[in-house]
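Given next are the chains, with one letter for each unit.
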Amino acid sequence: MTVTGPKGFRAAGVAAGIKVSGALDLALVVNDGPEQAAAGVFTRNVVKAAPVLWSQEVLRHKRLRAVVLNSGGANAATGPGGFQDTHATAEKVAELLEVGAIDVAVCSTGLIGERLPMPAVLSGVDAAVKALDTTAESALAAATAVMTTDSKPKQTLRGHDGGWSVGGFAKGAGMLAPNLATMLAVLTTDAVVDPDALDAALRAATRVTFDRLDVDGGTSTNDTVLVLASGASGITPGLDEFTDVLTAACMDLVQQLRADSEGVTKEVDVVVRGAASEQDAINVGRTVAEDNLVKTALFGSDPNWGRVAMAVGRAQAEIDPGTLSISINGVTLFANGTTAADRSAADLSGRAIEIVIDLGIGASEATIFTTDLSHAYVEENSAYSS
């Protein structure tokens, strides 16, 4: 399960000294081609980190040769100096790979508001270029080097019978309520995909995967998802076929991100059906997923449908209490404006919870992937500093 599974890619992860712990903290993924098509989606947060601004700009030409990523510092809210640091990082990678800086995307993650230790970053780039390899071990090192509060690396590989595949890794454990992306993710494919099709497939995939993950309502300053296509398989799949495999890879990473999110004890699917529009369904699901009273009840294994109804009622969507129903783990607890069953009938003792909300108005639906809110989440985030 590796970013180097598709043909044409090398990766590395090294300890550059950005983190005081000495852990792996700089990753590099290189596309050796023969093609270098690329696409990306980024945070909608107005406060965008310097590497997001850089990567958005270089992706205007729809190709990338490499992506360099660091943990240990977000390089966000660091002003012109922070942007110069991002530029210098891209220039260093470009120099060593003998390409242009415009072919290098940059991603960062960690504490907001501090400049990166550039001597460590630049020496780390040197070390990463020397360590580049196609092995699963090198890909694992890259996936590990982007971790912050993650407890484990997240990797995926989705093969296709036609002889091409999609691989990738992601990081993220908190500040997860993305808009088009979530924290950092790099996806690779050896399929032959033209840049416009690659962009369309990525947006279609992230719309129903990364953009439906909502752990805590926080949209990061650094959210980035990139996909690189080497074309090394020589196979050109249809757009729908490629989008399906890319979506499956993204969904695998989303489920891993949720399972490893900060303080998680419950993995919750909020399924909204019968909405007047898909956006209404998303709004209802996200409102429920972000509601602290709902999340704390779930942590306590309490099927408190009243809190769910409250959250639904304040969502920006068309709501009719007379047609609303709420089921938790297969038991309908509320229907047609009144209690339908004793809440004790719903068993929330396990880790997996499904809340199904039927608005009874239209035919649209959406699912939001979320978690509970535990003591551990509060403790971890009250002490977070790196």
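So, how was this worked out
Residues numbered from 1 in each chain as written. Predicted model: local features only at pLDDT ≥ 70, side-chain atom pairs only at ≥ 80, totals over all residues. Heavy atoms only, no water. Core = buried A, V, L, I, M, F, W, Y, C linked by side-chain atoms within 4.5 Å. Buried < 20%, exposed > 50% of the residue type's maximum accessible area, 1.4 Å probe, protein only. Contact = heavy atoms within 4.5 Å. Pairing = 2+ DSSP bridges. Helix = DSSP H or I, 4+ residues; strand = E, 2+ residues; numbered from the N terminus. Axes fitted to C-alpha atoms, helices over the stretch in contact; angles between N-to-C directions. UniProt positions renumbered as here; feature names shortened; annotations may be inferred. 1 Å grid on protein atoms, 1.4 Å probe; cavity = no way out; pocket = protein on both sides within 12 Å on 5 of 7 lines; lining within 4 Å. Points joined across faces, edges and corners; volume = space filled by probe spheres on them. Salt bridge = Lys/Arg side-chain N within 4 Å of Asp/Glu carboxyl O. Right-handed = clockwise from strand over helix to strand, strands pointing away.

Our next topic: the nonpolar core. Ranked by internal contacts, the top residues of the largest apolar core, which has 53 residues, are Leu26, Leu28, Val67, Leu69 and Phe169. Discounting chain neighbours no more than four positions away, the residues touching Leu69 are Asp25, Leu26, Ala27, Cys107, Val146, Phe169, Leu184 and Val186.

Pairing is mixed across the open sheet formed by five strands, whose spatial order is E3-E9-E8-E7-E6. The open sheet terminates on both sides in strands that have one partner only, identified here as strand E3 (37-42) and strand E6 (154-159). Neighbour-to-neighbour, the strand axes of this sheet turn through a mean angle of 10°, independent of strand direction. When E3 meets strand E9 (residues 224-229), the two strands line up antiparallel, connected through six bridges. Bridge pairing in E9 links Phe42 to Thr224. Contacts from helix H6 (residues 239-259) reach E6, strand E7 (165-171), strand E8 (184-189) and E9 within the one sheet, and its direction differs from that of E6 by about 155°.

A word on helix H4 (residues 136-145). Those residues of H4 that sit buried are Ser138, Ala139, Ala141, Ala142, Ala143 and Ala145. Here the buried face of H4 lies against strand E1 (9-14), strand E2 (26-31), E6 and E7.

Below, the discussion takes up the sheet that holds strand E10 (residues 267-275). Think of a sheet as strands paired side by side through backbone hydrogen bonds, with each pair either parallel or antiparallel. The six strands are arranged E13-E12-E11-E14-E10-E15 in an open sheet whose pairing can be described as mixed. Looking at which strands have only one partner, the edges of the open sheet turn out to be strand E13 (338-339) and strand E15 (364-371). Where E10 lies against E15, seven bridges are found, and the strand directions are antiparallel. Bridged to Val270 within E15 is Ile368. On top of the sheet, H6 reaches E10 and E15; it is set at about 40° to E15, its chief contact. Contacting strand E11 (325-328), strand E12 (331-335), E13 and strand E14 (352-358), helix H9 (residues 305-313) runs over the sheet at an angle of about 135° to E11.

Under the local residue numbering, the UniProt record ascribes the feature "binding site: substrate" (unreviewed entry) to Thr148, Lys171, Thr182, Glu262, Asn381 and Ser386. When you line up the elements, Asn381 lands in helix H10 (residues 375-382).

Next up on the list: the environment of Val308. Here Val308 shows up in helix H9. For Val308, a relative accessible area of 2% puts it in the buried group. Considering only alpha carbons, one finds Val308 and Gln84, 224 residues apart in sequence, at a separation of 47 Å. Those residues in contact with Val308 that sit more than four places away from it in its chain are Val288, Val294, Ile326, Ile355 and Ile357.

What follows is about helix H1 (residues 50-58). Here H1 has its buried residues at Ala50, Pro51, Val52, Trp54, Ser55 and Val58. Buried positions along H1 lie against E3, helix H2 (79-97), strand E5 (104-108) and E9.

Quick look at empty space enclosed by the protein now. For the structure on display, the rule yields one cavity of 30 Å³ or more. Here the largest cavity defines a volume of roughly 40 Å³. In terms of lining, the largest cavity is formed by Val294, Ala297, Leu298, Asp302, Pro303, Asn304, Trp305, Val308 and Ile328. Counting only elements with at least two residues in the lining of the largest cavity, the list comes to helix H8 (292-299) and H9.

Looking now at the pattern of salt bridges. Evaluated as defined, the whole model comprises 19 salt bridges. The partner of Asp103 in a salt bridge is Arg63, and the shortest N-O contact between them spans 3.2 Å. Here the residue Asp103 occupies a position in the loop between H2 and E5, and Arg63 occupies one in the loop between H1 and strand E4 (66-70), the gap between them amounting to 40 residues. Overall, Arg63 belongs to the partly exposed group, its relative accessible area being 32%. Residues Asp252 and Arg158 are paired through a salt bridge, measuring 3.5 Å at the closest nitrogen-oxygen approach. Pair noted here: Asp252 is in helix H6 and Arg158 is in strand E6, with a separation of 94 residues, a long-range link. On the basis of relative accessible area, Arg158 is assigned to the partly exposed category, the value being 30%. By sharing partners, the salt bridges in this structure join Arg258, Glu267, Asp269 and Arg351 into a single network.

All right, on to unusual backbone geometry then. With an omega of 25°, the peptide bond between Gly33 and Pro34 qualifies as cis. Structurally, Pro34 can be placed in the loop between E2 and E3. Unusually for a residue other than glycine, Lys62 sits at a positive phi of about 65°. Among the secondary structure elements, Lys62 is positioned in the loop between H1 and E4. For Lys62, a relative accessible area of 37% translates into the label partly exposed. For Ser301, which is not glycine, the phi torsion reads 55° and is therefore positive.

With six of six residues buried, E9 lies mostly within the body of the structure. Side chains Thr224, Leu226 and Leu228 of E9 all project onto a buried face; the interleaved residues Val225, Val227 and Ala229 project onto the opposite face, where all are buried too. Here six bridges tie E8 to E9, and the two strands are oriented parallel to one another. Residue Leu187 lies in a different strand from E9, and its bridge partner there is Val227. In terms of handedness, the path from E8 via helix H5 (residues 195-207) over to E9 forms a crossover that is right-handed.

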